[in-house]
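Listed below, chain by chain, are the residues.
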Amino acid sequence: MTCKLIMTLLSESQEGNCGEDWKYEVNVKVFSEGLKGEGTISVPKHTLDAGSVRVPYGSPEPQVILTGECLTEMLIRLNLTATEVDLFVNDVGKASMEFKMECLGPGAGSVTKDVEIAAGVRESPGILNKNSVFTAGVRFELVCD
């Protein structure tokens, strides 16, 4: 059975007082009896006001992470690196998460899983006591023929 796993960025948001200039990268690795696929979506520097949830800047294209046989459960490892861009020193936060997706039987169509991943970012130098949380919404769609 041939399957495709597609990753799509759904939303971006940030809460806090670090700043409004952001860039970020979402990286994924898929494991099923070994590494089966990986991919990255990068979003360039843009302005993102605190408290707003919106469609990702530049509307990045969905990415096919895996194409091929899908026989067992898949482990999906997701990493987010969020950067608040400053003039001298950028402030970076990282987060990771893992979840599982079941492979479908032949002719079962598709299954979708939406997740949110959030990274805390602290303003440097630390004496300023400014913090933000950057959140990315990500959809994984597994389509099997």
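This text follows the structure it describes.
Criteria and thresholds
- Here, residues in each chain are numbered from 1, in the same order as that chain's written sequence.
- It should be noted that, the model being predicted, local features are given only for residues of pLDDT at least 70 and side-chain atom pairs only at 80 or more, the latter also being counted only at that level, while totals for whole chains, interfaces and linings use all residues.
- Derived side-chain values reflect all non-hydrogen atoms in the structure, with water molecules and hydrogen atoms excluded from consideration.
- Secondary structure follows DSSP: runs of H or I at least 4 residues long count as helices, runs of E at least 2 residues long count as strands, and numbering of each begins at the N terminus.
- Under the scheme applied here, a residue whose accessible area is under 20% of the maximum for its type counts as buried, over 50% as exposed, and between as partly exposed, the area being computed with a 1.4 Å probe on protein chains only.
- Between any two strands, at least two bridges found by DSSP are needed for them to pair.
- The axes used here are C-alpha line fits, helices contributing only the stretch in contact, and every angle between their N-to-C directions lies in the interval 0 to 180 degrees.
- Two cysteine sulfur atoms make up a disulfide if the distance between them is within 2.5 Å.
- We define the nonpolar core as a collection of buried residues of types Ala, Val, Leu, Ile, Met, Phe, Trp, Tyr and Cys that are connected through side-chain atoms lying within 4.5 Å of one another.
- Patch membership requires over 30% relative accessible area and the absence of a salt bridge. Like charges are linked within 9 Å, and nonpolar side chains (Val, Leu, Ile, Met, Phe, Trp, Tyr) within 5 Å.
- Areas reported here follow the Shrake-Rupley algorithm with a probe of radius 1.4 Å; residue values treat only the protein chains shown as occluding.
- By salt bridge we mean one thing: a side-chain nitrogen of Lys or Arg within 4 Å of a carboxyl oxygen of Asp or Glu.
- We score Asp and Glu as negative and Lys and Arg as positive, and we do not count His or the chain ends.
- Any two residues whose heavy atoms approach within 4.5 Å are treated as being in contact.

So what's going on with unusual backbone geometry? Which residues, and what values?
Notably, glutamate 33 is not glycine yet its phi reads approximately 60 degrees, a positive angle. By the element assignment, glutamate 33 lies in the loop between strand E2 (21-31) and strand E3 (35-47). By relative accessible area, which is 69% here, glutamate 33 ends up exposed. The residue serine 59 is not glycine, and still its phi comes out positive at about 40 degrees.

How would you summarise the sheet that holds strand E7 (residues 91-101) if you had to cite specific residues and measurements?
In spatial order, the strands read E3-E2-E6-E7; together these 4 strands make up an open sheet with antiparallel pairing. The outermost strands of the open sheet, each flanked by one partner alone, are E3 and E7. Strand-to-strand, the axes of this sheet are offset by a mean angle of 10 degrees, without reference to chain direction. As defined by bridge partners, strand E6 (residues 74-84) adjoins E7 across 11 bridges and the pair is classed as antiparallel. Opposite leucine 75, over in E7, you have lysine 100 as the bridge partner.

Just give me the short version of the state of the cysteines, but keep the residues and values in it.
This model, assessed by the stated rule, comprises 1 disulfide. The disulfide that involves cysteine 3 links it to cysteine 144, with 2.1 Å between the sulfurs. Handedness here is read from the sign of the S-S torsion; for cysteine 3 and cysteine 144, about 110 degrees, the answer is right-handed. Here the residue cysteine 3 occupies a position in strand E1 (residues 2-16), and cysteine 144 occupies one in strand E9 (residues 131-144), the gap between them amounting to 141 residues. Across this residue pair, the class does not change: cysteine 3 and cysteine 144 are buried.

So what's going on with the nonpolar core? Which residues, and what values?
In terms of nonpolar packing, the biggest core is built from 36 residues, with Leu5, Met7, Tyr24, Val26, Leu78 and Phe140 touching the most fellow members. Of all the elements in the fold, those that place two or more residues in this core are E1, E2, E3, strand E5 (63-69), E6, E7, strand E8 (109-122) and E9. If one sorts the elements of this core by residue count, E9 sits on top with 6 residues.

Lay out the environment of leucine 104 in plain terms, naming residues and giving numbers.
Its place among the elements puts leucine 104 in the loop between E7 and E8. In sequence terms leucine 104 and threonine 72 are 32 residues apart; their C-alpha atoms lie 8.8 Å from each other.

Describe the pairing of E9, with residues and values.
Residues in a regular strand point their side chains to alternate faces of the sheet. One ladder, built from 13 bridges, connects E1 with E9; its direction is antiparallel. Opposite leucine 5, over in E9, you have leucine 142 as the bridge partner.

Quick one: what's the story with a nonpolar patch on the surface, residue by residue and with numbers?
Judged by side-chain polarity, Leu87, Phe88 and Val89 come together as a nonpolar surface patch covering roughly 420 Å² of accessible area. Within the fold, leucine 87 resides in the loop between E6 and E7.

Please provide a residue-by-residue account of the side chain of glutamate 84, values included.
Residue position: glutamate 84 is located in strand E6. Lacking a salt bridge, the buried glutamate 84 has lysine 45 as its closest oppositely charged neighbour, with an N-O distance of 8.5 Å. Residue contacts for glutamate 84: discarding those within four places in its chain leaves Cys18, Gly19, Glu20, Asp21, Trp22, Asn90, Asp91, Val121 and Glu123.

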